[in-house]
Amino acid sequence: MKTVREIAEFVGGTLKGDADQHIHGVGSLDHAGPGELTYAESTYLDRLAATGASCVLVAEGEYPDRTVILVDNPRLAFARAAQWLAPAPSPAAGIHPEALVQRDAVVAPDAAVGAWTLIEHGAHVGRRTVVYPGCYVGAGSRIGDDCVVFPRAVIYPGVTVGDRTVIHAGVVLGADGFGFVPDGSRHVKVPQSGSVEIGSDVEIGANSCVDRAALDATSVGDGVKIDNLCQVGHNVRIGAHAIISAQTGVAGSTQIGGGSTIGGQVGIGDHCRIEEGAIIGSGGGIPSRKRIPGGVVYWGTPARPLSDVKLQQAHVARLPKMAEELKQLRAEVQALKDRLSD
Amino acid sequence: MKTVREIAEFVGGTLKGDADQHIHGVGSLDHAGPGELTYAESTYLDRLAATGASCVLVAEGEYPDRTVILVDNPRLAFARAAQWLAPAPSPAAGIHPEALVQRDAVVAPDAAVGAWTLIEHGAHVGRRTVVYPGCYVGAGSRIGDDCVVFPRAVIYPGVTVGDRTVIHAGVVLGADGFGFVPDGSRHVKVPQSGSVEIGSDVEIGANSCVDRAALDATSVGDGVKIDNLCQVGHNVRIGAHAIISAQTGVAGSTQIGGGSTIGGQVGIGDHCRIEEGAIIGSGGGIPSRKRIPGGVVYWGTPARPLSDVKLQQAHVARLPKMAEELKQLRAEVQALKDRLSD
Amino acid sequence: MKTVREIAEFVGGTLKGDADQHIHGVGSLDHAGPGELTYAESTYLDRLAATGASCVLVAEGEYPDRTVILVDNPRLAFARAAQWLAPAPSPAAGIHPEALVQRDAVVAPDAAVGAWTLIEHGAHVGRRTVVYPGCYVGAGSRIGDDCVVFPRAVIYPGVTVGDRTVIHAGVVLGADGFGFVPDGSRHVKVPQSGSVEIGSDVEIGANSCVDRAALDATSVGDGVKIDNLCQVGHNVRIGAHAIISAQTGVAGSTQIGGGSTIGGQVGIGDHCRIEEGAIIGSGGGIPSRKRIPGGVVYWGTPARPLSDVKLQQAHVARLPKMAEELKQLRAEVQALKDRLSD
């Protein structure tokens, strides 16, 4: 429980209204009630009058009947305040009696390991890290400090995870990359003997997969956020603070530059080079070995700059009119020819 | 074991043939054997003569050598009869000694909880509901009556599920929505403190994910059927009896109207409004904030009415011919010009 | 540990250099060190000079300062040698005390069953097969010899798996197919009472799903390789040695011919017939009931031969020029008309 004054100080905003109200939680602009903090982005300021929240983070305006905190970026301030007001609950430290930790594995004394979780030989679980029930941490894998691994995540052997990283339920890290070589009659497996290196402050969404490298390592940089049901192939390298939306797939050996923004259901072929700060719209497809520069929105399959795609779409949309014009022109030319043959 | 007469009564059809045969199960038109019931849709009636089934549900025709039951909709009658003849086997009620049910959780006495399943604090499992082995039911989550939760499903805290709902293996309900706000150098997580509300008579396919809301609730209405490997983002609302095929993704805050039919691998952007009875063909892509009306088949990316897409495809297919016509016309115009300059 | 001579003999290559060096593992061309074997494909031969590997598999060339083994197909030889040098480690045989094997299930004495894995009534686990922790093997399912089932895989009842097949973490075999029939107000489930038959030498990637048939069987042929997060619908039949990349979905009753190559994120509608040796590029979409012949690369949605797609793309790309030509031609015709009216 904090006062509005304390929240204003925490987010560095300007308070207008009743500084002494107590705030115990957060809510949405439409459904928050007394004692709750909310925020209003500029396009929703008209809904501010009807909110039941005790305090609203806003970027601008005068609201004589309301308690508001003026900040530059209401959503960012809200994100920070919400985390501060109501940190995610965490299980008590300790190894559950129904968990199994192999003798030569190391679990920090203030870490929590849930029931039916196996920490294999030589694995390491860092300080204050929580591994929920039903997880598998393979031999020699290392999870850093302050991480959260949700139920039923599977970490194959030899995977490393940095600090403050969140792994959601059903994630699979370090399964074999998809590498086969035909011998004329069948597909011979190329042993996948590399590893996976996940950085710090990463979040990986439910049921996503990051494959181990054939050789060397598949790597996911610091601060990268990957949504649910994504596929990251072997030997992919994702630079720091890239963001990848749900159901996107990245094929083998592709490099994704730092700070890239990849939409949902994007498909990126193998050996591509997505440069720093690249932006690929949802559903886009990048053929193998392509290079996508940063700073320009790419879209479509094969992906091209959005402006080109829109221009082309406009041209295609004009096709019926163009066909009509062509037909008319042919008639006119025929008329001219007829006239000249007269 | 039922007689053909009993089945005809159950499905409300007209029996032609031997009413006293005993039926113990179901089979396909091509592979059913004696004692089995099958059905034949109108396009497959020519294969009816060769079936080994003892009884066939059909919509029309005369089959003097066969025992048939005439019904309006053979597939619907078959679905009902098959469920009646051979209900899915269910584990015995009770909490397995290797399960863990926290003291303040409630499991109905006639529910079944499998080994290595954790029912967390304050969670509730309703009457006759089966939770298979290896599941996780988070704190405060409520599962209604007569549900089935298959192995290794993960339900995060605070999720509610109605009655008669089926959750397949590997499903993840209530993982954090994908919400981050950039602060200039990194992505700050927007706490996802809302919930997930799943209705009654819902089915959710293997390894699908329904994310918890940022604030308020993500909701899946009564009777909705979601196939495998689908992604439902935070704050999405899916109306009753919508049907969503495999690998489809729905981004945050989108509303899908009741009775909609969404194909496989469809991508729906955030804040879209898919209206009641909308139909989106497989592979379609809906950009953010679009509205799709009901009753018309939409397809393609960006999705448009199927008739428009087909027309445009026809125009594009004619392009080589059009280029040829244009070339010829230019020659003719040149000839005219030459002639006039003579 | 093997000598270079032994490796040359094993792969049937021609050794040039120091035959007595000991090789203990494998590495990449760029990062391998002393005692490691690597390979160089023809496009990377310029990087061979800088490798730290003790021995390199190559197809051609003279390298006086290096120990190389000349082979026809360096990647294939490497795949075989790597597997021989460093076979994947395997847990000790036996049933873990925390596993549950129902009394009438059969586990071969030299199989390994991990903690918290349930082998249900009538199920069978073959010789030397490893079932990792946290798996579920449903009633009556049969897993052959020398298989590996990674953690948290779920096999529903009545599924059969051949020999030497690898099932990765989170895979779900035999969940219900997606079959519903509308009764006017809601979707009535068509009972999915068929089975799943997986062949020998198959590999199925993490979190992929193969649904059970409505009736009869969904089947995956010998030697088929399926990548992560793929969906195989009910009654699909996949022929031997087909290869299917990540996030691809195959809808109900489709047949995929032997030796087909399907890219990533491909969507194949129901009742399609993909013929032997078909090739479908990543992201392609095949509408329901289509037939795709073998031997030609298909791409796009709806998928067509790649050469047609490229031709059409070239025509579309020429549209701005075509519009310009049309405009100019109209001006010229107008000029002719004006001249003739003078």
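Residues numbered from 1 in each chain as written. Chains lettered and ligands numbered in written order. Predicted model: local features only at pLDDT ≥ 70, side-chain atom pairs only at ≥ 80, totals over all residues.

Peer 1: Quick rundown of the interface of chain B and chain C? Include the residues and the values.
Peer 2: At the junction of the two partners, chain B supplies 48 residues and chain C supplies 47 residues. Going through the elements one at a time, helix H2 (74-85) and helix H4 (319-341) of chain B are the ones with two or more residues in the side of chain B that touches chain C. In terms of residue count, the dominant contributor to the side of chain B that touches chain C is H4(B) (10 residues). Residues of the side of chain B that touches chain C, tallied by class, amount to 23 nonpolar, 18 polar and 7 charged. (Contact = placed C-beta atoms within 7 Å. Helix = DSSP H or I, 4+ residues; strand = E, 2+ residues; numbered from the N terminus. Nonpolar A, V, L, I, M, F, W, Y, C, P; charged D, E, K, R; others polar.)

Peer 1: Talk me through the sheet that holds strand E35 (residues 267-268) of chain C; I want residue IDs and the actual numbers.
Peer 2: Residues and elements named next belong to chain C. Spatially, the 10 strands line up as an open sheet ordered E9-E12-E15-E18-E21-E26-E29-E32-E35-E38, and their pairing is parallel. Edge strands, defined here as strands with exactly one partner in the open sheet, are strand E9 (100-101) and strand E38 (285-286). In the sheet, strand E21 (residues 172-173) pairs with strand E26 (residues 209-210) via 2 bridges, with the strands oriented parallel. For Leu173, the partnering residue across the bridge sits in E26 and is Val210. (Pairing = 2+ DSSP bridges.)

Peer 1: Let's hear about the sheet that holds strand E34 (residues 261-262) of chain A: which residues, and what values?
Peer 2: Residue and element names in this part refer to chain A. Spatial strand order, E8-E11-E14-E17-E20-E25-E28-E31-E34-E37-E40-E41: 12 strands in an open sheet with mixed pairing. Unpaired on one side and paired on the other, strand E8 (94-95) and strand E41 (304-305) mark the two borders of the sheet. The sheet contact formed by strand E31 (residues 243-244) and E34 spans 2 bridges and is parallel. Paired with Ile244 across the strands is Ile262, a residue of E34.

Peer 1: Quick one: what's the story with the packing of H4(B) against helix H3 (residues 306-317) of chain C, residue by residue and with numbers?
Peer 2: Relative orientation of the contacting elements H4(B) and H3(C) amounts to 50°, with a least axis distance of 10 Å. With respect to each other, H4(B) and H3(C) are oriented oblique. When the axes of H4(B) and H3(C) are compared, the crossing they make is left-handed. Each of Leu319(B), Pro320(B) and Ala323(B) in H4(B) lies in contact with H3(C), whose residues at this interface are Gln312(C), His315(C) and Val316(C). Taken together, the residues that form the contact of H4(B) with H3(C) break down as 4 nonpolar, 2 polar and no charged. (Axes fitted to C-alpha atoms, helices over the stretch in contact; angles between N-to-C directions. Parallel < 35°, antiparallel > 145°, perpendicular 65-115°, else oblique. Left-handed = near helix turned anticlockwise from the far one by under 90°.)

Peer 1: So, the relation of the copies chain A and chain B: which residues are in play, and what are the values?
Peer 2: Put simply, the two copies of the chain differ by a rotation about an axis and a shift along that axis. Between chain A and chain B, the superposition needs a rotation of 120° and an axial shift of 0.0 Å, giving an RMSD of 0.1 Å. The operation mapping one copy onto its partner corresponds to a three-fold rotation axis. (Least-squares fit on C-alpha atoms with pLDDT ≥ 70 in both.)

Peer 1: Describe the domain arrangement of chain A, naming the residues involved and giving the relevant values.
Peer 2: Its domain assignment divides chain A into domain 1 (2-85), domain 2 (94-306) and domain 3 (313-341). Taking the mean C-alpha position of each, domain 1 of chain A and domain 2 of chain A sit 36 Å from one another. (Domains from an automatic or database assignment.)

Peer 1: Explain the pairing of strand E5 (residues 36-39) of chain A residue by residue, including any values.
Peer 2: Residue and element names in this part refer to chain A. Along E5, one buried face is formed by Glu36 and Thr38 and the opposite face, lined by Leu37 and Tyr39, is buried too. Direction of pairing for strand E4 (residues 25-26) relative to E5: parallel, over a ladder of 2 bridges. Note on E5: the bridge partner recorded for Val26 is Leu37. As paired strands, E5 and strand E6 (residues 55-58) are joined by 3 bridges and run parallel to one another. Bridge pairing links Thr38 to Val56 in E6. (Buried ≥ 20, exposed ≤ 12 C-beta atoms within 10 Å, placed from the backbone.)

Peer 1: Talk me through the interface of chain A and chain B; I want residue IDs and the actual numbers.
Peer 2: Each partner contributes residues to the interface: chain A has 49 residues there, and chain B has 47 residues. Mapped by element, the contributors of at least two residues to the side of chain A that touches chain B are helix H2 (74-85) and helix H4 (319-341) of chain A. Top contributing element to the side of chain A that touches chain B by residue count: H4(A), with 10 residues. Broken down by class, the residue content of the side of chain A that touches chain B amounts to 24 nonpolar, 18 polar and 7 charged.

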